[in-house]
Amino acid sequence: MKRILSGMQPTSQLHLGNYLGALKNWVDLQNSEPDNQNLYCVVDMHAITMPYDPATLKKATREIAAAYIAAGIDPDKSAIFAQSAVGDLHAELMWLLATMTQIGKLNRMTQFKDKAGKNAEKAGLGLYAYPVLMAADILIYQATHVPVGEDQKQHLEITRDIASTFNHRYGQDFFTLPEPMIMGSATRVMSLRDGTKKMSKSAESDLSRINLTDDADMIMDKIKRAKTDPEPLPDNLPDLEKRAEADNLITIYAALASTSKEQVLAEFAGQNFSIFKPKLAELTIEKIAPITSRMRELLQNPDEIDQILHAGAAKARAIAAPNVQKVKEIMGFWG
Ligand code: AQP
């Protein structure tokens, strides 16, 4: 049996990159491998590592939970919970793991460099230690597999590294080394304004991303305004891959249609973006609209979301507590 764990930050609305790179794969996995044990977390303790608004954190946490459910995560098959509801244990394990995390490795984390920017000296310790908390989030459940987008690969590597260090230092084969699962054809969806940058919640321009809450008109408008080049679509992958923006739009189409980029090129080779973009927008609307409307329904009833989050937290805690206890025993703590 696989134990699957993943999460998203309630930093803002989810976008098409979060959906295609992660959430859609979680749903496919839940439905195609019913014997797995699934844990899907809203990582609110990570969300406070960058400036945020405390007045909206609770609402944002419910919105992410609603997005999980609306996209097809079934609370009967998967535990859905807020990280902070098991936060005492996550933070405790993080501290224990911090004692065996090398600073040299943290210094190489690209997410920290991207988010801290030029002002790294002024960045918070939380942002710097983000990968250690993420390692705790995963190892606390002895997750065997972690489905994520490509941008999280480096954080999975350091998690495996920390787990191996623990096992080696304490001479115990205790922690499972989790496998990253980088699934589907859109492992890294790029910005609609710049095909060399990742589509991101925190990018300034809203035109750079399709949010899961965008309505049909917004989706059509954003895709029509997406940056492209003047050439028609090529008929082969090597030529496509030389054109970042065109490649991104074809990748999105392929992922939404659950087909390959080759298949999409076979259909659209030689066509101009004036033909392709409306087709892509129609497909995006067809796939996103049911999620958006289900999310709206769910958010009408926050108590129901809270009940799901409470039940998920109880399941998560039941797995996490004995694991933290065992780690403390192995490390030689009193009691
Ligand atoms: N552009 C993307 N393409 C594919 N997958 C992506 N993911 C994020 N962006 C893309 C995947 O979504 C999951 C949750 O991500 P997160 O909420 O932890 O935040 P993030 O990776 O930091 O994403 P953002 O949108 O860039 O958020 P901000 O701007 O708040 O930092 C992960 O599995 C991630 O791989």
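Definitions and limits used
Residues numbered from 1 in each chain as written. Predicted model: local features only at pLDDT ≥ 70, side-chain atom pairs only at ≥ 80, totals over all residues. Heavy atoms only, no water. Near = heavy atom within 4 Å. Polar contact = N/O pair within 3.5 Å; in protein donor to acceptor, adjacent residues only side chain to side chain. Areas by Shrake-Rupley, 256 points an atom, 1.4 Å probe, with all protein chains shown as cover. Helix = DSSP H or I, 4+ residues; strand = E, 2+ residues; numbered from the N terminus. Nonpolar A, V, L, I, M, F, W, Y, C, P; charged D, E, K, R; others polar. Salt bridge = Lys/Arg side-chain N within 4 Å of Asp/Glu carboxyl O. Buried < 20%, exposed > 50% of the residue type's maximum accessible area, 1.4 Å probe, protein only. Phe/Tyr/Trp six-rings, centres within 6.5 Å; stacked < 30°, edge-to-face > 60°. Core = buried A, V, L, I, M, F, W, Y, C linked by side-chain atoms within 4.5 Å. Domains from an automatic or database assignment. Contact = heavy atoms within 4.5 Å. Axes fitted to C-alpha atoms, helices over the stretch in contact; angles between N-to-C directions. Parallel < 35°, antiparallel > 145°, perpendicular 65-115°, else oblique. Left-handed = near helix turned anticlockwise from the far one by under 90°. Pairing = 2+ DSSP bridges. Arc of directions from axis to C-beta.

**Thoughts on the site of the ligand**
Taken together, 22 residues are adjacent to the ligand, and His15, Lys115, Asp151, Lys201 and Ser202 come closest. Between the ligand and Gly17, the relevant distance is 3.2 Å, taken from a nitrogen atom to a main-chain nitrogen or oxygen of the residue. Residue Asp151 places a side-chain N or O atom 2.5 Å away from an oxygen atom belonging to the ligand. When the ligand sits alone it has 650 Å² of accessible area, and the protein chains cover 97% of it. Looking at the shell around the ligand, the elements that each hand over two or more residues are strand E1 (3-8) and helix H1 (16-32). Among the elements that make up the shell around the ligand, the one with the highest residue count is H1 (four residues). Broken down by class, the residue content of the shell around the ligand amounts to five nonpolar, 12 polar and five charged.

**Considerations on the pattern of salt bridges**
Enumeration over the complete set of coordinates arrives at 21 salt bridges. A salt bridge links Asp229 to Arg243, with the nearest nitrogen and oxygen atoms 2.7 Å apart. Here Asp229, found in the loop between helix H10 (216-224) and helix H11 (237-241), pairs with Arg243, found in the loop between H11 and helix H12 (244-256); they are 14 residues apart in sequence, far enough to count as distant. Note on Arg243: relative accessible area 15%, which makes it buried. In the salt-bridge network here, residues are joined through shared partners; they are Asp206, Arg209, Asp214 and Lys222.

**Focus: the packing of aromatic side chains**
On inspection of all chains with the given rule, the structure shows 11 aromatic pairs. Aromatic side chains Phe112 and Tyr128 sit 5.2 Å apart centroid to centroid with 75 degrees between the ring planes, which places their arrangement in the edge-to-face category. Taken together, the residues Phe112 in helix H6 (residues 110-116) and Tyr128 in helix H7 (residues 125-128) connect sequence positions 16 residues apart. Ring centres of Tyr253 and Phe276 lie 5.5 Å apart, and the angle between their planes is 40 degrees; this geometry places the pair in the tilted category.

**A short note on the nonpolar core**
Counting residues in each nonpolar core, the largest one holds 60 residues, and the members touching the most others are Leu16, Tyr19, Leu20, Leu23, Tyr68 and Phe276. Counting residues per element, this core draws most heavily on helix H14 (residues 273-299), which supplies 10 residues. When residues of this core are assigned to domains, at least three map to each of domain 1 (3-181 + 301-331) and domain 2 (206-297). Residue contacts for Tyr68: discarding those within four places in its chain leaves Gly7, Met8, Leu23, Trp26, Tyr40, Cys41, Val42, Ile73 and Ile80. Core analysis: the next-biggest nonpolar cluster, separate from the first, contains 46 residues, Leu97, Tyr141, Ala143 and Phe174 among them.

**Overview of the packing of helix H8 (residues 130-139) against helix H9 (residues 153-169)**
At a minimum axis distance of 9 Å, the contact between H8 and H9 shows a crossing angle of 70 degrees. The pairing of H8 with H9 is recorded here as roughly perpendicular in orientation. Where H8 crosses over H9, the two elements pack in a sense that is right-handed. Here Tyr130, Pro131, Met134, Ala135, Ile138 and Leu139 of H8 lie close against H9, whose contacting residues are His155, Leu156, Ile158, Thr159, Ile162 and Ala163. In terms of residue class, the contact of H8 with H9 is built from 10 nonpolar, two polar and no charged.

**What to know about unusual backbone geometry**
A positive phi angle is found at Gln142, which is not glycine, with a value near 50 degrees. The topology assignment puts Gln142 in the loop between H8 and strand E4 (145-147). Positive phi values are uncommon outside glycine, yet Ser258 reaches one of about 50 degrees. Of note, Ser258 is situated in the loop between H12 and helix H13 (261-268).

**A short note on the pairing of strand E3 (residues 78-82)**
Within E3, five of the five residues are buried, which leaves the element mostly enclosed by the surrounding structure. Here strand E2 (residues 37-42) runs beside E3; their pairing, made up of five bridges, is parallel. If you follow Asn38 over to E3, its bridge partner there is Ser78.

**Side note on H8**
Among the 10 residues that make up H8, 10 are buried, leaving the element largely enclosed by the rest of the structure. Taken residue by residue, H8 has Tyr130, Pro131, Val132, Leu133, Met134, Ala135, Ala136, Asp137, Ile138 and Leu139 as its buried positions.

**As for H13**
Along H13, the residues that are buried comprise Lys261, Val264, Leu265 and Phe268. Down the axis of H13, the buried side of the element spans an arc of 100 degrees, and every buried residue falls inside it. Residues of H13 that are exposed and point over 90 degrees away from its buried face: Ala266 and Glu267. Where H13 is buried, its residues meet H11, H12 and H14.

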